[in-house]
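Results of the structural survey
Residues per chain, in single letters:
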Amino acid sequence: MDWGDNIQIITNSELPVCHSGMKWATFPSQKVVYEDSRMISLTAPYISGFLAFREMPFLVDAVHRLQEKEPNLMPQVLLVDGNGVLHHQGFGIACHLGVLTGLPCIGVAKKLLQVEGLENNAAHKEKIQLLHAGGDTFPLMGGSGTVLGMALKSHDHSTKPLYISVGHKISLEAAVRLTHCCCRFRIPEPVRQADIRSREYIRRTLGLSGPPVPGQERNQKGPKSKAHPKGGSAEPAEENRHPEDPSKGPGTDPEAP
DNA sequence: GCGACAG
DNA sequence: ATCTTGTCGC
């Protein structure tokens, strides 16, 4: 593989209530060199096909913050949690982010967006079962015969494929190969780490602030708390934290056989 | 009630 | 995205 050792990858990971997390890392070593998590106020609701409407401003903001703070770390490619041209209008969130930042973007979706006749039906599931080893793919063809993306078995023991599509300034083939090279587990590490770290950030900033009523039940069915000031970003209580997170120990590995 | 469902 | 219950492997 001739990507070199200095390709950097950025990933979004938005939780539906109030958080945006991103992670920058080198390739192929995948060492985290920069992290930016903060509270946000989501306004637009989640509507399938309009993900960019909801999340784009925060992703662009994060890229701009990086440009200000560490321009030397500006990545050469972004892995975006969502679709690129595999989209109702042929322009998913990975395309938006690519155009607005000028950076190459890869759409990495965990579920098939059913568009242009693509359907997660029996025939599709059959193709999935024919995928043999990690790295195996099959094309996702729209009604017009155009290849909108590729289903990718991200590692040998993964049941569900990833749905890779071009976002911006990268070929589908390169997008698939690069994504596959990032997969220690089903979800490519940039996406996975952004996810893990964003949840950890939430836990650490809101986790202990909420008043744990003595009789607190485990499964609170009430509405999600919006316990953060609107229009502002909540700062973590501890500012000087070592970004090093030596080893997570033998944690549970999702999607592991 | 039924279909659809990127996050 | 979230919530379940259970299973397997390191």
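Within an unreviewed UniProt entry, the label attached to chain A reads Endonuclease V isoform X5, and the organism entered is Octodon degus. Taken directly from UniProt, the Subcellular location (unreviewed entry) text for chain A runs: "Cytoplasm".

Our next topic: the overall build of chain A. Helix and strand counts for chain A come out as 5 helices and 8 strands. Its helices and strands taken in sequence order, chain A reads β-β-β-α-β-α-β-α-β-β-β-α-α from the N to the C terminus. Among the 257 residues that make up chain A, the fraction classed as buried is 47%. Long-range contacts, defined here as pairs at least 24 residues apart, represent 61% of the contacts in chain A between residues at least 6 apart.

Once that is clear, we can look at the protein's contact with DNA strand B. Around DNA strand B sit 17 residues, and of these Y46, G49, N83, K110 and Q114 come closest. The sugar-phosphate backbone supplies 52% of the atoms of DNA strand B found within 4 Å of the protein. With respect to DNA strand B, the backbone of L51 contributes an N or O atom lying 3.2 Å from a base nitrogen. A distance of 3.2 Å separates a base nitrogen of DNA strand B from a polar backbone atom of I93. Of the residues contributing to the surface near DNA strand B, the split by class is 7 nonpolar, 7 polar and 3 charged.

On to the nonpolar core, then. By size, the foremost hydrophobic cluster in this structure holds 18 residues, and its most contacted members are I106, V108, L162, I164, I170, L172 and V176. Put simply, the parts of the chain that give this core at least two residues each are β4 (77-81), β5 (105-109), β7 (147-152), β8 (162-168) and α4 (172-181). Residue contributions to this core peak at 5 residues, all from α4. Counting 16 residues, the second largest nonpolar core, distinct from the first, contains A52, M56, L66 and L97.

Once that is clear, we can look at the pattern of salt bridges. Enumeration over the complete set of coordinates arrives at 8 salt bridges. Across the pair K110 and D81 runs a salt bridge, and its minimum N-O distance is 2.8 Å. Of this pair, K110 sits in the loop between β5 and α3 (122-130) while D81 is found in strand β4, placing the two residues 29 residues apart along the sequence. Residue classification places D81 among the buried positions, given a relative accessible area of 16%. A salt bridge links R192 to E189, with the nearest nitrogen and oxygen atoms 2.9 Å apart.

So, on to the side chain of E189. Within the secondary structure, E189 sits in helix α5 (residues 189-206). Among the residues examined, E189 registers a relative accessible area of 7% and is labelled buried. Here R192 takes part through its side chain, which lies 2.9 Å from a polar atom of the side chain of E189.

Okay, the pairing of β8 next. Of all 7 residues in β8, 7 are buried, a share of seventy percent or more. Pairing analysis gives 5 bridges linking β5 to β8, with the strands arranged antiparallel. Bridge pairing in β8 places V108 opposite I164. In terms of strand pairing, β7 meets β8 through 3 bridges, oriented antiparallel.

What follows covers a nonpolar patch on the surface. Taken together, the side chains of I47, F50 and F53 define a hydrophobic patch exposed on the protein surface, amounting to about 350 Å² of accessible area. Residue I47 is classed as partly exposed on the basis of its relative accessible area, which comes to 44%.

Calculation criteria
- Residues numbered from 1 in each chain as written.
- Chains lettered and ligands numbered in written order.
- Predicted model: local features only at pLDDT ≥ 70, side-chain atom pairs only at ≥ 80, totals over all residues.
- Heavy atoms only, no water.
- UniProt positions renumbered as here; feature names shortened; annotations may be inferred.
- Helix = DSSP H or I, 4+ residues; strand = E, 2+ residues; numbered from the N terminus.
- Buried < 20%, exposed > 50% of the residue type's maximum accessible area, 1.4 Å probe, protein only.
- Contact = heavy atoms within 4.5 Å.
- Near = heavy atom within 4 Å.
- Polar contact = N/O pair within 3.5 Å; in protein donor to acceptor, adjacent residues only side chain to side chain.
- Nonpolar A, V, L, I, M, F, W, Y, C, P; charged D, E, K, R; others polar.
- Core = buried A, V, L, I, M, F, W, Y, C linked by side-chain atoms within 4.5 Å.
- Salt bridge = Lys/Arg side-chain N within 4 Å of Asp/Glu carboxyl O.
- Pairing = 2+ DSSP bridges.
- Patch = residues over 30% accessible without salt bridge, like charges linked within 9 Å, V, L, I, M, F, W, Y side chains within 5 Å.
- Areas by Shrake-Rupley, 256 points an atom, 1.4 Å probe, with all protein chains shown as cover.

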